[in-house]
Amino acid sequence: MKTSLVILFLFSICCISSLSAQSVSGEWYGVGKVKKAGEHNSYLSEMVLKQKGNKVTGQLNYFYRSAEIKVKVRGTFDPRYRVLELTPQPMLNFLAKNANGADCPMEGSFTLKTVKGQKVLVGQFNPIYEYRVTCPAIDVRFTKFVPTKDQPTPVLEDVDDSTAAAKLTTRSLPDVTMRPAIISKQDTSKKSIASISSPANKPISVEQQILQALKLRSFEESPIVDVDADSLKVALYDNGEVDNDTISLFYNRNLVATQQMLSDKPLNFTLPLHAGVNEISMFAENLGKIAPNTALAIIYAGEQRFELNLTSTLNKNAAIRFRKKEKKADPKNIN
């Protein structure tokens, strides 16, 4: 009986020691690869984590093109299953042209493993539900850095839950708590963008996904403006404070440009006018830091000038419509 108790006691100590040894504290490095067909920018990444109990805090540093971006991270680690879960944090969209591009709120899920004597965190950064269409997952395999006397592990300050929000610097998440489901008024089945798929589950391009998402949203009713011109010159600005509003522009329901961030500098387009009604529609990729997504459109049609305010949400597309005036035949040229 005593022998059994001793064995049970030793086994319990081994289990506790094993669980306590499974910690994600330290410095981790790896390369994030966009889970999407084609050639895309990689995310050269480093995470410095500090674990206290099951809670994990730290900082994610990554290079995107020539920019270094730092984001505070937080989450939990379950030593039983060796799973690290990180709450959503902003990461640059894989199509961003620079550090001022659109953000994707991404949550992390990684499994702690030991491969050939090295500790690794294998998993993904995944977009939150509202961003499933425009933000693909990012696969990352982090390897733990083994500190030496010359290169010690960086020391992180404690991040208390009550003050962590104030310590999130450099990039912050857009407000997604107010985002309703993306539902068209005509869509009684309440189909969301996330359910969009092509026949036989074949992958479809971002442009095709956005086009389908455009049709799921309702369109703003606007009067038809008659113009005497062959083309429209359109300049789009952020209407008000520049807050990372990102849009896709459609002309007659055809994609003209995608992942365009509105700012105090114009986005310029020249659009040909066809017979009948021509529609310019603005699809909101996000709501920026201040909802809704708003733009100032300055449009020239020949000598006519229009200054219009556009407002898009995750339920409705902004739309403006123009009709080309028919040119009357010159009586002098009639035989």
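Bear in mind that the values here come from a model prediction, so they are computed numbers and not experimental data.

**Student:** Help me understand the overall build of the protein in this model?
**Tutor:** When its secondary structure is counted, the protein shows three helices and 18 strands. Taken over 335 residues, the protein has a buried fraction of 43%. Taking all contacts inside the protein whose residues are at least 6 apart in sequence as the whole, residues at least 24 apart take part in 62%. When the accessible area of the protein is evaluated, it comes to approximately 19,000 Å², of which 54% is carbon and sulfur surface.

**Student:** Could you clarify how one ought to interpret the pairing of strand E18 (residues 316–324) in this entry?
**Tutor:** If a strand is regular, its side chains alternate between the two faces of the sheet. As defined by bridge partners, strand E9 (residues 218–219) adjoins E18 across two bridges and the pair is classed as parallel. Within the sheet, the bridge partner assigned to Ser 218 lies in E18 and is Lys 316. Both strand E15 (residues 277–284) and E18 contribute to a ladder of six bridges, which runs antiparallel. Opposite Ile 280, over in E18, you have Ile 320 as the bridge partner.

**Student:** Can you walk me through the nonpolar core in this structure?
**Tutor:** What tends to happen in soluble globular proteins is that the nonpolar side chains get buried as a cluster. Judged by nonpolar contacts, the single largest core of 32 residues is most densely connected at Leu 49, Tyr 62, Leu 84, Leu 121, Phe 125 and Phe 142. Contributions of two or more residues to this core are made by strand E1 (26–34), strand E2 (43–52), strand E3 (55–64), strand E4 (67–78), strand E5 (83–92), strand E6 (103–115), strand E7 (118–127) and strand E8 (138–144). Setting aside residues up to four positions removed in sequence, Leu 121 forms contacts with Val 24, Trp 28, Met 47, Leu 49, Leu 84, Phe 110, Thr 111, Leu 112, Val 140, Arg 141 and Phe 142. Listed in part, the 25 residues of the second largest apolar core include Leu 232, Tyr 251, Ile 280 and Ile 299.

**Student:** Explain the sheet that holds E7 to me, please; I cannot follow it from the model alone.
**Tutor:** Strands sit in the order E1-E2-E3-E4-E5-E6-E7-E8 around a closed barrel of eight strands; the barrel is antiparallel. The sheet shows a mean angle of 25° between the axes of neighbouring strands, taken without regard to direction. In this sheet, E4 lies alongside E3 in antiparallel orientation, the contact comprising ten bridges. Residue pairing in the sheet places Gly 58 in a bridge with Val 73 of E4.

**Student:** How do you make sense of the confidence of the model for the protein when you look at a structure like this?
**Tutor:** Low-pLDDT portions of the prediction should not be read for the details of their coordinates. This prediction gives the protein a mean pLDDT of 77; 73% of its residues lie at or above 70. Looking at the elements of the protein, mean pLDDT is at its lowest for helix H2 (residues 164–167), recorded as 34, and at its highest for E15, recorded as 94. Low pLDDT, under 50, characterises residues 13–20; the stretch is placed with two contacts to residues that sit more than four places away or in other chains. Low pLDDT (under 50) marks residues 157–199, which in the prediction has 77 contacts with non-local residues, meaning those over four places away or in another chain.

**Student:** Sorry if this is basic, but what is going on with the packing of aromatic side chains here?
**Tutor:** The description of two aromatic rings rests on the distance between their centres and on the angle between their planes. Going through the model one piece at a time under the given rule, you end up with four aromatic pairs. Ring geometry for Tyr 43 versus Tyr 62: centroids 5.7 Å apart, planes at 55°, classification tilted. A residue pair is termed long-range when its members are at least 10 positions apart, and Tyr 43 in strand E2 and Tyr 62 in strand E3 qualify at 19 residues. Each member of the pair Tyr 43 and Tyr 62 is classed as buried. Three or more aromatic residues link up through ring pairs in this structure, and these residues are Phe 110, Phe 125 and Phe 142. Geometry around Phe 219 places Arg 253 over its ring, the cationic atom sitting 3.6 Å from the centre.

**Student:** I keep staring at the environment of Asn 244 and nothing clicks. Help me out?
**Tutor:** Tracing the chain through its elements places Asn 244 in the loop between strand E11 (231–238) and strand E12 (246–251). You can call Asn 244 partly exposed: its relative accessible area is 24%. In this structure the C-alpha to C-alpha distance between Asn 244 and Gln 260, which are 16 residues apart in sequence, comes to 9.6 Å.

Cut-offs and rules
Residues numbered from 1 in each chain as written. Predicted model: local features only at pLDDT ≥ 70, side-chain atom pairs only at ≥ 80, totals over all residues. Heavy atoms only, no water. Helix = DSSP H or I, 4+ residues; strand = E, 2+ residues; numbered from the N terminus. Buried < 20%, exposed > 50% of the residue type's maximum accessible area, 1.4 Å probe, protein only. Contact = heavy atoms within 4.5 Å. Areas by Shrake-Rupley, 256 points an atom, 1.4 Å probe, with all protein chains shown as cover. Pairing = 2+ DSSP bridges. Core = buried A, V, L, I, M, F, W, Y, C linked by side-chain atoms within 4.5 Å. Axes fitted to C-alpha atoms, helices over the stretch in contact; angles between N-to-C directions. pLDDT = per-residue confidence, 0-100. Phe/Tyr/Trp six-rings, centres within 6.5 Å; stacked < 30°, edge-to-face > 60°. Lys NZ or Arg CZ within 6 Å of the ring centre and 35° of its normal.

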